[in-house]
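Here is what each chain is made of, one letter per residue.
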Amino acid sequence: MLMHNYKRFGMILLLLTPLFITITCKKKNSAIKIDHDRVTQSLPGNRVSAGYMNITNTMEKDDTLLSVDTDDFETVEFHNMFEENGVMKMEPMDSVVIKGGQSVSFTPGGMHIMLINNKREIKAGEKIQLNLHFENAGLIKLTSPVKSIEEQVE
Ligand SMILES: [Cu+2]
């Protein structure tokens, strides 16, 4: 009886070990800090959303945001805004460098994360998961709130 209980205790410890390692790894990723992350809701007949956030590189070494993916959209691009003949246009960028000790902001009217071809309706008030792939920091998973278009204006 006692023996049996010890075995069970051992099993629980084994099961808890991977969980503990996961939590430890997550904390090590703190070289990159992300805040104010949010995604715009999808509008009828329009299958794109924009992702906004501030990314801070706390390391001395530069890091590069290589790509973003999510289960909720077919394609994700980095877009820069520029003016041409009085019209604001967007151009895709391959990647975004975050210099050591500096921050980069994705903002409405500025550089943004373009989420293209949603696989479902993206409603204000819910959350979507974004996977950010950095050259040095590796994968950082974000669970970002979806905001209405009105809420995006700062
Ligand atoms: Cu865009």
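Residues numbered from 1 in each chain as written. Predicted model: local features only at pLDDT ≥ 70, side-chain atom pairs only at ≥ 80, totals over all residues.

Side note on the overall build of the protein
Here comes step 1: Within the protein, the regular secondary structure consists of 2 helices and 10 strands.
Here comes step 2: At a minimum sequence separation of 6, the contacts of the protein that also span at least 24 residues come to 70%. (Helix = DSSP H or I, 4+ residues; strand = E, 2+ residues; numbered from the N terminus. Contact = placed C-beta atoms within 7 Å.)

Overview of the nonpolar core
Here comes step 1: L65, V68, V76, I113, L115, L132 and F134 are the most contacted members of the largest nonpolar core, which totals 20 residues.
Here comes step 2: Listing elements by their share of this core, those giving two or more residues are β2 (48-57), β3 (63-69), β4 (73-84), β8 (112-118) and β9 (127-134).
Here comes step 3: The dominant element in this core, judged by the number of residues it contributes, is β9, at 4 residues.
Here comes step 4: If we ignore the near neighbours within four places in the chain, the residues touching L65 are I55, S95, V96, I98, L132 and F134. (Core = buried A, V, L, I, M, F, W, Y, C linked by C-beta atoms within 7 Å. Buried ≥ 20, exposed ≤ 12 C-beta atoms within 10 Å, placed from the backbone.)

Concerning unusual backbone geometry
Here comes step 1: With a phi close to 50°, N85 is a non-glycine residue in the positive phi region.
Here comes step 2: By the element assignment, N85 lies in the loop between β4 and β5 (87-93).
Here comes step 3: Non-glycine residue N117 carries a positive phi angle of around 60°.

Details of the confidence of the model for the protein
Here comes step 1: Overall, the prediction assigns the protein a mean pLDDT of 86, with 80% of residues at 70 or greater.
Here comes step 2: In the predicted structure, residues 21-27 sits below a pLDDT of 50 and forms 0 contacts with residues beyond four places in sequence or in another chain. (pLDDT = per-residue confidence, 0-100.)

Overview of the environment of H79
Here comes step 1: On the secondary structure map, H79 appears in strand β4.
Here comes step 2: Residue H79 is classed as partly exposed on the basis of its 18 C-beta neighbours within 10 Å.
Here comes step 3: With 16 residues separating them in the primary sequence, H79 and S95 have C-alpha atoms 9.6 Å apart.
Here comes step 4: The residues contacting H79, other than those within four sequence positions of it, are M90, E91, P92, M111, H112 and M114.

So, the environment of S95
Here comes step 1: Relative to the assigned elements, S95 resides in the loop between β5 and β6 (96-98).
Here comes step 2: Sequence-wise, S95 and F134 are 39 residues apart; in three dimensions their C-alpha atoms are separated by 9.6 Å.
Here comes step 3: Each residue touching S95, except ones within four places of it in the same chain, is listed here: T64, L65 and L66.

A closer look at the pairing of β4
Here comes step 1: Looking at chain direction, β4 and β8 are connected through 6 bridges and run antiparallel. Across the sheet, the residue bridging to H79 is H112, located in β8.
Here comes step 2: In the sheet, β4 pairs with β5 via 7 bridges, with the strands oriented antiparallel. Bridging from a neighbouring strand, E84 pairs with V87 of β5.
Here comes step 3: Between β4 and β5, which pair antiparallel in sequence order, lie 2 residues; one of them, N85, sits at a positive phi of approximately 50°. (Pairing = 2+ DSSP bridges.)

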